Amino acid sequence: MANLDSSTTSLRLNRIDRVLDYIQAHISESLSVNELAEHSCWSRWQLQRVFLAETGLTVAQYVRQLRLSIAADHLLTSTSRQIDIAISCGFESEISFSRSFKQFFSCSPSQYRKKGLRTGLLLPIGKQHQTKPALDVFSKLIKVRVETKLAFELAGLSCKINGIFSASPDFNIKVPKLWQQLTAIISQREVLTQERFGVIAVSQAEVYADNMPYWAGIVRSAVPDINGLKTIQIPAQQYAVIECVGPITDLPKILDWFICHWLPDSDYACLEGFDLEYYGPDFDFHSDKTQMEYWLPVTRR
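Cut-offs and rules
- Residues numbered from 1 in each chain as written.
- Predicted model: local features only at pLDDT ≥ 70, side-chain atom pairs only at ≥ 80, totals over all residues.
- Heavy atoms only, no water.
- Phe/Tyr/Trp six-rings, centres within 6.5 Å; stacked < 30°, edge-to-face > 60°.
- Buried < 20%, exposed > 50% of the residue type's maximum accessible area, 1.4 Å probe, protein only.
- Lys NZ or Arg CZ within 6 Å of the ring centre and 35° of its normal.
- Helix = DSSP H or I, 4+ residues; strand = E, 2+ residues; numbered from the N terminus.
- Lys, Arg positive; Asp, Glu negative; His and termini not counted.
- Salt bridge = Lys/Arg side-chain N within 4 Å of Asp/Glu carboxyl O.
- Polar contact = N/O pair within 3.5 Å; in protein donor to acceptor, adjacent residues only side chain to side chain.
- Contact = heavy atoms within 4.5 Å.
- Core = buried A, V, L, I, M, F, W, Y, C linked by side-chain atoms within 4.5 Å.
- Axes fitted to C-alpha atoms, helices over the stretch in contact; angles between N-to-C directions.
- Parallel < 35°, antiparallel > 145°, perpendicular 65-115°, else oblique.
- Nonpolar A, V, L, I, M, F, W, Y, C, P; charged D, E, K, R; others polar.
- pLDDT = per-residue confidence, 0-100.
- Pairing = 2+ DSSP bridges.

A.B. asks: Summarise the packing of aromatic side chains; cite the residues concerned and give the values.
C.D. replies: Think of a pair of aromatic rings as described by two things: how far the centres are apart, and how the planes are tilted against each other in angle. Within the structure shown, the criterion is met by 12 aromatic pairs. Ring plane angle 55° and centroid distance 5.0 Å describe the contact between Phe-105 and Tyr-112, whose orientation is recorded as tilted. Of the two residues, Phe-105 and Tyr-112, neither departs from the other in class, the shared state being buried. Feature note: the residues Phe-91, Phe-97, Phe-101, Phe-104, Phe-105 and Tyr-112 constitute an aromatic cluster, connected by ring pairs. In this structure, Lys-149 packs its charged tip against the face of Trp-295, placed 6.0 Å from the ring centre.

In structure tokens, the structure reads:
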């Protein structure tokens, strides 16, 4: 039964891949669900159901977000007129483009161009599960986006860890313990946010992936003065962001794919600096349904 389930999953993802590739190749054209269904061998209803299950987005949402992300990138990397960018990304008019852009990015195209910061850009989904067959962690397609995060100050605790690419990794033991210590310190205090960040000072490793400073903390402005916490300044940086859903033990496999397979095939190059881990308020290291994000510093090639 396990082999049958694996074959069914592989076939389903291969079909979704064909749809994703077709969307990317024809993003400037009119794309109907009926047309996409023909490239998937599913009915219109089946395609929408499977697409949502595998990507977390409806077909219409994915097409719209991808078009707007491509348009946003063009705004920052070219001097083309907004109307030309709109048409090249599949919008029928500058008015419809501006309306959709403002709904998605909460600002107009001209304001976005003026800010000069990449925010929430969805990169094309596809072929993640095929890059390395041994990575059986990919039961779903994985989304990657590009974000620019402004500088912030983190308050928390730190220790030295050996990372996932170390010959003797120990992060899986030290990191949970550090978070437990931090939780014990702040649990009785008034904290304005439950958003937590792990910070890995990759560039400060004593040896490659060994003895890297790791910080567990929350944004300094959300924490009252608490004895025992130290602070660190995180500079403004552009990141490629990957969402990790499932048991935390899957994280090394996901990061191996992210850094060793996705990155070389992307339009971005890695920068040595501060890697970020983002944990929401309900994160539980011991749950099989954890949800967190890994932020990798990158620059456009």
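A.B. asks: An account of the side chain of Asp-210 is needed here, citing residue identities and associated values.
C.D. replies: Turning to its location among the elements, Asp-210 is positioned in the loop between strand E4 (196-201) and strand E5 (212-219). Buried charge Asp-210 goes without a salt bridge, the closest partner of opposite sign being Lys-174 at 9.7 Å. Side chain to side chain, Asp-210 and Ser-166 meet in a polar contact 2.4 Å long. Excluding its chain neighbours within four sequence positions, the residues that come into contact with Asp-210 are Ile-161, Asn-162, Ser-166, Ala-167 and Ala-205.

A.B. asks: Any chance you could break down the nonpolar core for me, citing the residues and the numbers?
C.D. replies: Counting 53 residues, the largest nonpolar core has Phe-101, Tyr-214, Ile-242 and Phe-258 as its most contacted members. Per element, the largest residue contribution to this core is 7 residues, and it comes from helix H9 (residues 251-265). Listed in part, the 22 residues of the second largest apolar core include Ile-23, Leu-31, Val-33 and Ala-37.

A.B. asks: Any details on the pattern of salt bridges? Residues and values, ideally.
C.D. replies: All chains considered together, the criterion is met by 6 salt bridges. Among the ionic pairs, Arg-300 bridges to Asp-73, the shortest N-O distance being 2.6 Å. Pair noted here: Arg-300 is in strand E10 (residues 290-300) and Asp-73 is in helix H4 (residues 59-77), with a separation of 227 residues, a long-range link. Looking at Arg-300, the relative accessible area reads 32%, which means it is partly exposed. Asp-73 sits in the buried class, given a relative accessible area of 10%. Across the pair Arg-145 and Glu-293 runs a salt bridge whose closest N-O atoms are separated by 3.1 Å. Placement of the pair is Arg-145 in strand E2 (residues 144-149) and Glu-293 in strand E10, with a sequence separation of 148 residues. For Glu-293, a relative accessible area of 13% gives the class buried. Here the salt bridges share partners, and the residues they tie into one network are Asp-73, Arg-118 and Arg-300.

A.B. asks: So what about the environment of Gly-228? Which residues, and what values?
C.D. replies: Here Gly-228 shows up in the loop between E5 and strand E6 (230-234). In the structure, Gly-228 is positioned 71 residues away from Leu-157 in sequence and 8.0 Å away in space, judged by C-alpha atoms.

A.B. asks: Would you mind going over the environment of Arg-81 in detail, with residue names and values included?
C.D. replies: Checked against the element boundaries, Arg-81 lands in the loop between H4 and helix H5 (82-88). Remark: the alpha-carbon pair of Arg-81 and Glu-94, spanning 13 residues in sequence, is separated by 10.0 Å.

A.B. asks: A description of the packing of H4 against helix H6 (residues 94-105) should follow, citing residues and the corresponding values.
C.D. replies: With their axes 10 Å apart at the nearest point, H4 and H6 run at an angle of 95° to one another. Judged on the interaxial angle alone, H6 and H4 are roughly perpendicular. Along the contact surface, H4 presents Arg-64, Gln-65, Leu-68, Ser-69, Ala-71, Ala-72 and Leu-75, while H6 presents Phe-97, Ser-100, Phe-101, Gln-103, Phe-104 and Phe-105. Across the contact of H4 with H6, the residue classes tally to 8 nonpolar, 4 polar and 1 charged.

A.B. asks: Can you explain the confidence of the model for the protein? Please cite residues and give values.
C.D. replies: A low pLDDT means the predicted coordinates there should not be read in detail. Per-residue confidence for the protein gives a mean pLDDT of 84, with 88% of residues at or over 70. Within the protein, no element has a lower average pLDDT than helix H1 (residues 2-25), which sits at 71, and none a higher one than helix H7 (residues 109-115), at 95. A low-confidence stretch, residues 128-139 (pLDDT under 50), is modelled with 28 contacts involving residues beyond four sequence positions or located in other chains.

A.B. asks: Any details on unusual backbone geometry? Residues and values, ideally.
C.D. replies: Despite not being glycine, Ser-106 has its phi angle at roughly 60°, a positive value. Under the relative-accessibility criterion, Ser-106 is labelled exposed at 63%. The backbone of Asn-211 sits at a positive phi, close to 50°, despite the residue not being glycine. Of note, Asn-211 is situated in the loop between E4 and E5. Taking relative accessible area as the criterion, Asn-211 reaches 29% and is therefore assigned partly exposed.

A.B. asks: Which residues make up the pairing of E5, and what values go with them?
C.D. replies: Most of E5 is tucked away: 7 of the 8 residues are buried. For strand E3 (residues 152-161) and E5, the ladder comprises 8 bridges, and the chain directions are antiparallel. Note on E5: the bridge partner recorded for Cys-159 is Tyr-214. Looking at chain direction, E4 and E5 are connected through 4 bridges and run antiparallel. Looking at the pairing, Val-199 lines up with Trp-215 of E5.

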